[in-house]
Amino acid sequence: MARRGRRAGLPLAIVAVVALTGTAAAGSPAAGPAAAAQGPDRPTIRYTEYGIPHIIASDWEGLGTGYGYAAAKDNICTLADTYLMVDAQRSRYLGPAGRASPGEGQNTTTNLNSDLYFQRINDNRVVERLIGQPAPNGPEPEVREAIRGYVGGYNRYLAETGVNNLSDPACRGAAWVRPITELDVYRHAHAEIIMGSADPLLDGEVNAAPPGASAAAPSAAAPQQPLPSAEAPQRPLPSAEETAARIRDAMAAARRQGSMGSNALAVGSQGVSGGTGMLLANPHFPWQGKNRMWQSQLTIPGRINVSGASLLGLPAVNIGHTDDVAWSHTVATVSPFGLFDVQVDPLHPTNYLVDGAWQQMTSQQVGVDVLNPDGSLGRVTRTLWSTRYGPVTTSMQGVPLPWVVSAHAVRDVNTDNLRALNTWFHLDQAKDVHDVVTALETTQGVPFFNTVAADRKGNALYADIQAAPNITDEHARSCLTLTGQQLFYQALRLPNVPPISVFDGKRSACDWPNDPNAVAPGLLDPHRQPRLIRSDFVGNANDSAWLANPEQPLSFPRVMGDTAAPRSLRTQQLILTAQNRINGTDGLPGRGFTPETMQQVLFADRSRAADLALDATVSMCRSAPFGLILVDGNLVDVSEACPVLAAWKDHAYTADSRGSWLFENYWAFLTDGQSVERLPWRVPFDPKDPVHTPNSLDPGSSAVRDAFGRAVLALRNAGVPLDARLSDVQKVTRNGEQIPIHGSIHELGVLNVVTPGAVDGKLDVVFGSSFVQQVRFTADGPPQAASVLAYSQSADPASPHYADQTRLFSAGRWVTERYTEDQIAASPALEVKVLT
């Protein structure tokens, strides 16, 4: 959430703790394995270094209670803001014109549009209907118990502290901070699951109106509005190609401004030195708002012992490890939604044609309270429209989809998905990668994520088994419209844009069919979804499943992504990093991954773009006549820039690197939203050598010269020295302290992605490395793990854990995990909170 009126130095709310020094108190869960084997009578939170909670209880409700209490203590304002959003109350308390973040991005829509979107879901009782179903489509008993406990823990912290005594000024004394219900938590979970479609479609859904009408000014009866007069000037409709191109460009631009991504690398027995399996988890999630991650360990002796991180407010571990298996998720190349193009009656445009017969759209009055400028409350009501396929939308990612001769309806594969909660509870109890596959297949709850895992037995797993639309290649060929063909088959030619289907809604047979092997209607058979188990390595950096390991390319339905197509520079970097480390050709000692080398290769911050293009760029710079480049009719002196780049030998985005910021700006001008393969390479992409092509940038290209000249000019105009250290320009401010941040943007092929941007008018990180964890298994003994939560545990500026791990991340340091009872008890920072 956007923070309002922060002040430094506020006192932290004090909770009663039992400090353990020397030996543990009798009966304490920290007293050792024997005591822990029985479980405590009351939920117990053991805090170790950096405020990491290790929560132990005797049952699922107690575990949820501990999680809810600890999560609220660290982040109650962020959580309360989230519950305000899913309860469709932002306009009532914060005003309709404020900004909301219902999807992946930050501040992507207005409070009013967000409220109308969620109020429609609430009026339709979508979440209540899902809660009422038995598993697997409804929550399993353990999930229900944990969420019941979470509500109790959250509400207990709020009652003990009091709204007016909260340490975080972002919500201290706010009328919208209130006790929560189980429904609030399920609504929050559902909002996270459907967020893949919220950003591109939300505004279009809540503003859709038939020709000649306004969604904001409905009539009492379902309108049958005629088209505007023929005499009125009509703008010609764009062609299918134009519409598809605009959507692709808009979605690519939105992702460049900041979107979720991830790296994950699983290494099997053949690639690990001194162990049997390793995992690197490196999600690139938002640093602010509801999609922050939060770290914990959850233990019910004899039932579950899992450590890692979750999206804040979901009482499970989404990315982490058990005793014997570790896993992570990466954003996949599956679009969770599709459109249906329905032909409408020109005289009655809320009628649409299906199988030769006219059907009536469904209208729905949706109203929300809004705060007026004078402080009074008003009411905004809109008429929203739906078809048999789903809601009508009149835009995608801001690109108009005119409701004239046809309308576009949305079907989202995750609308009826609460199964993800079951998925994560199953993963939290997995014992090997085969259990991981079983959890994914039997729940099909993962929303738009890949899963990468490694186990103690030496297996490395890649799986893109998720809630994917049941769009086989045959079905796509039969039903795609002209616009749909452009989006479905060519979308992946732009970076990070998934294949989006637009089907012929005039034929009911074009709806997503039901598959008897799928868990729910409209889902793709999980056995047709790609997976790979190897003993060397598998990985993913947000490209499709094709090159999870280049020695064994995968094939799959087009809806899951592309094959034989260029990979991102970050995918190339991940593969080359794994291959070189396993082969011992990366300059580090030995062969195979150790915890030390896994940490080193991630925080080396090496740029694949610089590896491929720096030498040619320096050559171009040195060959510029008199050191001058013509930019927009003006000569730019680049002679000082040549030695800066030439001296940048390691091609790394470490904090003290010089030349990296200049290269980043140059690369941004050169790519300008294009896919990497469209740059002026002398060696084009070759599907037979996808990891090493394209390569050899053409130094004589005018595009290269122009981009470099513009970058030099931009830095000079901004007053930034050409040889500025990265730490001089890329940093965050926490309570007045400036903390340098290493890493760089996705487009540069740096694994440690950091996307800077403005937050509350100040430079910050909006997306990037968030919860970073590496785990090694050996033949016996506990997992060996280390992690760092880049933005720290708490969003409260008064918390001691507001920036402590951010400083660690800045220094390239990690927190050695405490996992066993003995390790937890040995923490010099140990504090225990028993929820009596």
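Not measured: the values here are computed from a predicted model.

In this section: the overall build of the chain. Per the secondary structure count, the chain includes 22 helices and 37 strands. Computed over the C-alpha atoms, the radius of gyration of the chain is 27 Å, within 12% of the 28 Å expected from 2.2 N^0.38 for a compact globule of 836 residues. A buried classification covers 63% of the 836 residues belonging to the chain. The long-range fraction of contacts in the chain, counting pairs at least 24 apart against all pairs at least 6 apart in sequence, stands at 70%. Of the roughly 29,400 Å² that the chain leaves accessible, carbon and sulfur atoms contribute 50%.

Scanning the entire structure with this criterion turns up three disulfides. Each disulfide pairs two cysteine sulfurs, and for cysteine 479 the partner residue is cysteine 510, the sulfurs being separated by 2.2 Å. Given an S-S torsion of about -85°, the disulfide between cysteine 479 and cysteine 510 has left-handed geometry. Placement of cysteine 479 in helix H12 (residues 473-479) and of cysteine 510 in the loop between strand E23 (501-504) and strand E24 (531-534) is noted, with a sequence separation of 31 residues between them. Here cysteine 621 connects covalently by a disulfide to cysteine 642, the sulfurs 1.9 Å from one another. Disulfide cysteine 621 to cysteine 642: torsion about the S-S bond roughly -85°, handedness left-handed. Separated by 21 residues along the polypeptide, cysteine 621 in helix H16 (residues 608-623) and cysteine 642 in helix H17 (residues 641-646) bring together distant segments of the chain.

Put simply, alanine 135 and proline 136 share a cis peptide bond, and its omega is 10°. Considering the arrangement of structural elements, one finds proline 136 in the loop between helix H5 (126-131) and helix H6 (141-161). Omega for the bond connecting threonine 693 with proline 694 falls within 30 degrees of zero, at 0°, which places this linkage in the cis form. Note that proline 694 resides in the loop between strand E28 (681-683) and strand E29 (695-697). You will see that alanine 88, though not glycine, has its phi angle at about 60°, which is positive. Relative to the helices and strands, alanine 88 resides in the loop between helix H2 (60-86) and helix H3 (90-94).

As a further point, take the nonpolar core. With 189 residues, the main nonpolar core has Ile76, Tyr150, Tyr154, Val177, Leu265, Met293 and Leu418 as its most contacted residues. Broken down by element, this core gets its largest block of residues, 15 residues, from H2. Residues contacting tyrosine 150, with those up to four places away along its chain left out, are Gly64, Thr65, Tyr67, Gly68, Leu79, Tyr83, Ile180, Val185, Gly313 and Pro315.

What follows is about the pattern of salt bridges. As enumerated under the stated definition, the model contains 33 salt bridges in all. One salt bridge in this structure joins arginine 148 and glutamate 61, with 3.8 Å as the shortest N-O distance. With arginine 148 in helix H6 and glutamate 61 in helix H2, the pair connects residues that are 87 residues apart, well separated along the chain. Taking relative accessible area as the criterion, glutamate 61 reaches 34% and is therefore assigned partly exposed. Aspartate 87 serves as the salt-bridge partner of arginine 178, at 3.7 Å between the closest nitrogen and oxygen. Here arginine 178, found in the loop between H6 and helix H7 (182-193), pairs with aspartate 87, found in the loop between H2 and H3; they are 91 residues apart in sequence, far enough to count as distant.

Attention now moves to the pairing of strand E20 (residues 406-412). In terms of residue burial, E20 counts as a mostly covered element, since seven of its seven residues are buried. What you see with E20 is no split at all: Ser406, His408, Val410 and Asp412 on one side and Ala407, Ala409 and Arg411 on the other are buried throughout. Two elements, strand E12 (residues 337-343) and E20, share seven bridges in a ladder whose sense is antiparallel. Residue pairing in the sheet places valine 342 in a bridge with alanine 407 of E20. In this sheet, E20 lies alongside strand E17 (residues 392-393) in antiparallel orientation, the contact comprising two bridges. Counterpart to threonine 393 in the pairing with E20 is histidine 408.

What follows concerns the side chain of serine 657. Relative to the assigned elements, serine 657 resides in the loop between H17 and helix H18 (660-671). We classify serine 657 as buried; its relative accessible area is 6%. In this structure the side chain of serine 657 is engaged in a polar contact, spanning 3.3 Å, whose partner is the backbone oxygen of alanine 652. Here threonine 654 takes part through its backbone oxygen, which lies 2.8 Å from a polar atom of the side chain of serine 657. When neighbours within four sequence positions are excluded, serine 657 is seen to be in contact with Trp648, Ala652, Ala724, Arg725 and Leu726.

Tracing the sequence through the fold places glutamate 192 in helix H7. For glutamate 192, a relative accessible area of 4% translates into the label buried. Reaching out from glutamate 192, the side chain makes a polar contact with the side chain of lysine 290 at a distance of 3.3 Å. Contact partners of glutamate 192, with chain neighbours within four places excluded, come to Lys290, Asn291, Leu311 and Phe448.

A complete count under the given rule lists 23 aromatic pairs for this structure. Relative to phenylalanine 809, the ring of phenylalanine 603 has its centre 5.6 Å away and its plane inclined at 85°; by these criteria the two rings are edge-to-face. Here phenylalanine 603, found in helix H15 (residues 595-603), pairs with phenylalanine 809, found in helix H21 (residues 804-810); they are 206 residues apart in sequence, far enough to count as distant. Taking the relative accessible area as the measure of exposure, phenylalanine 603 reaches 11% and is therefore buried. Phenylalanine 809 sits in the buried class, given a relative accessible area of 0%. One aromatic cluster is present, built from ring pairs that chain together Trp648, Tyr653, Phe663, Tyr666, Trp667 and Phe708. Geometry around tyrosine 47 places lysine 73 over its ring, the cationic atom sitting 4.9 Å from the centre. Above the ring of tyrosine 389, the side-chain terminus of arginine 388 is found at 5.9 Å from the ring centroid.

Rules used in this analysis
- Residues numbered from 1 in each chain as written.
- Predicted model: local features only at pLDDT ≥ 70, side-chain atom pairs only at ≥ 80, totals over all residues.
- Heavy atoms only, no water.
- Helix = DSSP H or I, 4+ residues; strand = E, 2+ residues; numbered from the N terminus.
- Rg over C-alpha atoms; globule rule 2.2 N^0.38 Å.
- Buried < 20%, exposed > 50% of the residue type's maximum accessible area, 1.4 Å probe, protein only.
- Contact = heavy atoms within 4.5 Å.
- Areas by Shrake-Rupley, 256 points an atom, 1.4 Å probe, with all protein chains shown as cover.
- Disulfide = S-S within 2.5 Å.
- Core = buried A, V, L, I, M, F, W, Y, C linked by side-chain atoms within 4.5 Å.
- Salt bridge = Lys/Arg side-chain N within 4 Å of Asp/Glu carboxyl O.
- Pairing = 2+ DSSP bridges.
- Polar contact = N/O pair within 3.5 Å; in protein donor to acceptor, adjacent residues only side chain to side chain.
- Phe/Tyr/Trp six-rings, centres within 6.5 Å; stacked < 30°, edge-to-face > 60°.
- Lys NZ or Arg CZ within 6 Å of the ring centre and 35° of its normal.

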